[in-house]
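Given next are the chains, with one letter for each unit.
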Amino acid sequence: GAGVSQSPSNKVTEKGKDVELRCDPISGHTALYWYRQSLGQGLEFLIYFQGNSAPDKSGLPSDRFSAERTGGSVSTLTIQRTQQEDSAVYLCASSLLGPTSGGIETQYFGPGTRLLVL
Amino acid sequence: DQQVKQNSPSLSVQEGRISILNCDYTNSMFDYFLWYKKYPAEGPTFLISISSIKDKNEDGRFTVFLNKSAKHLSLHIVPSQPGDSAVYFCAAGVAGTYKYIFGTGTRLKVLA
């Protein structure tokens with residue numbers, strides 16, 4: 001498809017287990033973003049990748065969270081030793097170029113992965 | 001400290017009437033604002049944006065108004081249609097950066 005895809009769409013795991021969430025951005029988009037939406041909260045920025053530059057990890061809530069982007073395309077968000085407070089919808093977005101001097105580029109979102117930690 | 005607030009979690013409007021969704025922000029550095037619409041089980045989709053150099057931007061049935069002195073923006077949908085029923089998020093950021101701050105969303109229900 002032409003849009004951002006994410007897998008799995010739903011994930012139920014036990015506390016303490018590791019999970020991997022995958023994002024396939026729109027082909028040709030150089031910028032990739034991960035967000036989290038916890039119940040009753042807005043979208044919370046987690047991490048930003050731009051081309052081959054070092055990612056901005058400033059939004060990651062703890063060192064249990066990590067992400068990588070291989071070959072400038074697919075990205076994986078890994079949560080180690082999951083906790084119940086990690087339960088949320090994890091959204092990935094991509095944009096063509098990233099920041100622009102004239103404004104903010106439209107980000108295209110995937111459908112999200114709904115994570116439930118029991 | 002929530003920098004972008006949508007104080008109405010839900011709103012119901014009759015079909016054909018105007019829907020007004022509100023958003024307040026606290027950071028005066030924000031100079032670019034966006035509205036996203038989200039249907040269940042889908043990601044948010046971009047709807048309309050406005051730069052701080054403007055106080056109004058219109059796109060079809062959707063108009064966004066920005067009041068910089070009040071740090072307030074609103075999205076007007078007229079006439080409202082049942083297909084507009086969704087969660088609407090406002091977001092704010094600084095031009096030339098990539099970090100949006102999102103509000104918590106307002107669930108709009110348009111009644112046929």
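Preceding this paragraph is the structure being described.
Please read these numbers as outputs of a predicted model, since none were measured by experiment.

Novice: Would you mind going over the packing of aromatic side chains with me for this structure?
Specialist: Working definition: an aromatic ring pair is given by the centre-to-centre distance plus the angle between the planes. Residue and element names in this part refer to chain A. The final tally for this structure, using the stated rule, is 13 aromatic pairs over all chains. Ring centres of tyrosine 33 and tyrosine 48 lie 5.1 Å apart, and the angle between their planes is 40°; on these two criteria the pair is classed as tilted. On the criterion of sequence distance, the pair formed by tyrosine 33 in strand E4 (residues 31-37) and tyrosine 48 in strand E5 (residues 43-50) is long-range, its members being 15 residues apart. Both residues of the pair, tyrosine 33 and tyrosine 48, count as buried.

Novice: Looking at this model, I keep getting lost on the side chain of A:Thr113. Mind explaining?
Specialist: Along the chain, A:Thr113 turns up in strand E10 (residues 113-117). Look past the residues within four positions of A:Thr113 in its chain and what remains in contact with it is A:Gln6, A:Ser7, A:Pro8, A:Ser9, A:Lys11, A:Leu21, A:Ala88, A:Val89 and A:Tyr90.

Novice: Would you mind showing me how to read the pattern of salt bridges here?
Specialist: Side-chain pairs of opposite charge can arise where the charged atoms are in close proximity. Counting across every chain of the model gives six salt bridges over all chains. Measuring nitrogen to oxygen at the nearest pair gives 2.8 Å for the salt bridge that ties A:Asp24 to A:Arg22. With a relative accessible area of 37%, A:Arg22 lands in the partly exposed category. Between B:Asp84 and B:Arg61 there is a salt bridge, and its shortest N-O distance comes to 2.8 Å. Taken together, the positions of B:Asp84 in the loop between strand E8 (72-77) and strand E9 (86-93) and B:Arg61 in the loop between strand E6 (56-59) and strand E7 (62-67) put the pair 23 residues apart, joining distant regions of the chain. Taking relative accessible area as the criterion, B:Arg61 reaches 21% and is therefore assigned partly exposed.

Novice: Could you clarify how one ought to interpret the interface of chain B and chain A in this entry?
Specialist: It is common to give the size of an interface as the accessible area lost on bringing the parts into contact. If you look at the interface, chain B gives 20 residues, while chain A gives 23 residues. Area buried by chain B at its contact with chain A is led by B:Tyr98, B:Tyr100 and B:Phe102, which between them contribute 35% of it. The tally of links from chain B across to chain A stands at zero salt bridges. Listed by contribution, the elements that provide at least two residues to the side of chain B that touches chain A are strand E4 (32-38) and E9 of chain B.

Novice: Looking at this structure, how should I read the pairing of E10(A)?
Specialist: Side-chain direction in a regular strand flips from residue to residue, so the side chains alternate between the two faces of the sheet. All names here are of chain A. Residues of E10 alternate between two faces, with Thr113, Leu115 and Val117 buried on one and Arg114 and Leu116 left unburied on the opposite face. Sheet topology places strand E2 (residues 10-13) next to E10; four bridges connect them, and they run parallel. Across the sheet, threonine 13 pairs through a bridge with valine 117, a residue of E10. Judged from the three bridges that link them, strand E8 (residues 88-95) and E10 form a sheet pairing that is antiparallel. Across the sheet, residue alanine 88 finds its bridge partner in E10, namely leucine 115.

Novice: Explain the environment of A:Leu32 to me, please; I cannot follow it from the model alone.
Specialist: Residues and elements named next belong to chain A. Following the sequence through the fold, leucine 32 ends up in strand E4. For leucine 32, a relative accessible area of 0% gives the class buried. Not counting residues within four places of it along the chain, the set of residues in contact with leucine 32 comprises Cys23, Pro25, Ile47, Tyr48, Phe49, Arg69, Ser73, Ser75, Cys92, Ala93 and Ser94.

Novice: So what exactly am I meant to see when it comes to the state of the cysteines here?
Specialist: A disulfide bridge is the covalent bond that connects two cysteines by way of their sulfur atoms. Scanning the model with the defined rule gives two disulfides over all chains in all. Covalently, A:Cys23 is tied to A:Cys92 through a disulfide, its sulfur atoms 1.8 Å apart. For the disulfide bridge between A:Cys23 and A:Cys92, the dihedral angle about the S-S bond is near -65°, and by the sign convention the bridge is left-handed. Separated by 69 residues along the polypeptide, A:Cys23 in strand E3 (residues 19-24) and A:Cys92 in strand E8 bring together distant segments of the chain. Judged by its relative accessible area of 0%, A:Cys23 is buried. There is a disulfide in this structure between B:Cys23 and B:Cys90, and the S-S distance comes to 1.9 Å.

Novice: Looking at this model, I keep getting lost on the sheet that holds E3(A). Mind explaining?
Specialist: Whenever strands of a sheet pair, they do so through backbone hydrogen bonds, lying parallel or antiparallel. All names here are of chain A. One open sheet holds the four strands; their spatial order is E1-E3-E7-E6, and the pairing between them is antiparallel. With one partner strand each, in any of the chains shown, strand E1 (5-7) and strand E6 (65-69) form the two edges of the open sheet. Strand-to-strand twist of the sheet, defined as the mean angle between neighbouring strand axes without regard to direction, takes the value 15°.

The rules behind these values
Residues numbered from 1 in each chain as written. Chains lettered and ligands numbered in written order. Predicted model: local features only at pLDDT ≥ 70, side-chain atom pairs only at ≥ 80, totals over all residues. Heavy atoms only, no water. Phe/Tyr/Trp six-rings, centres within 6.5 Å; stacked < 30°, edge-to-face > 60°. Helix = DSSP H or I, 4+ residues; strand = E, 2+ residues; numbered from the N terminus. Buried < 20%, exposed > 50% of the residue type's maximum accessible area, 1.4 Å probe, protein only. Contact = heavy atoms within 4.5 Å. Salt bridge = Lys/Arg side-chain N within 4 Å of Asp/Glu carboxyl O. Buried area = accessible area lost by both parts, 1.4 Å probe. Pairing = 2+ DSSP bridges. Disulfide = S-S within 2.5 Å. Axes fitted to C-alpha atoms, helices over the stretch in contact; angles between N-to-C directions.

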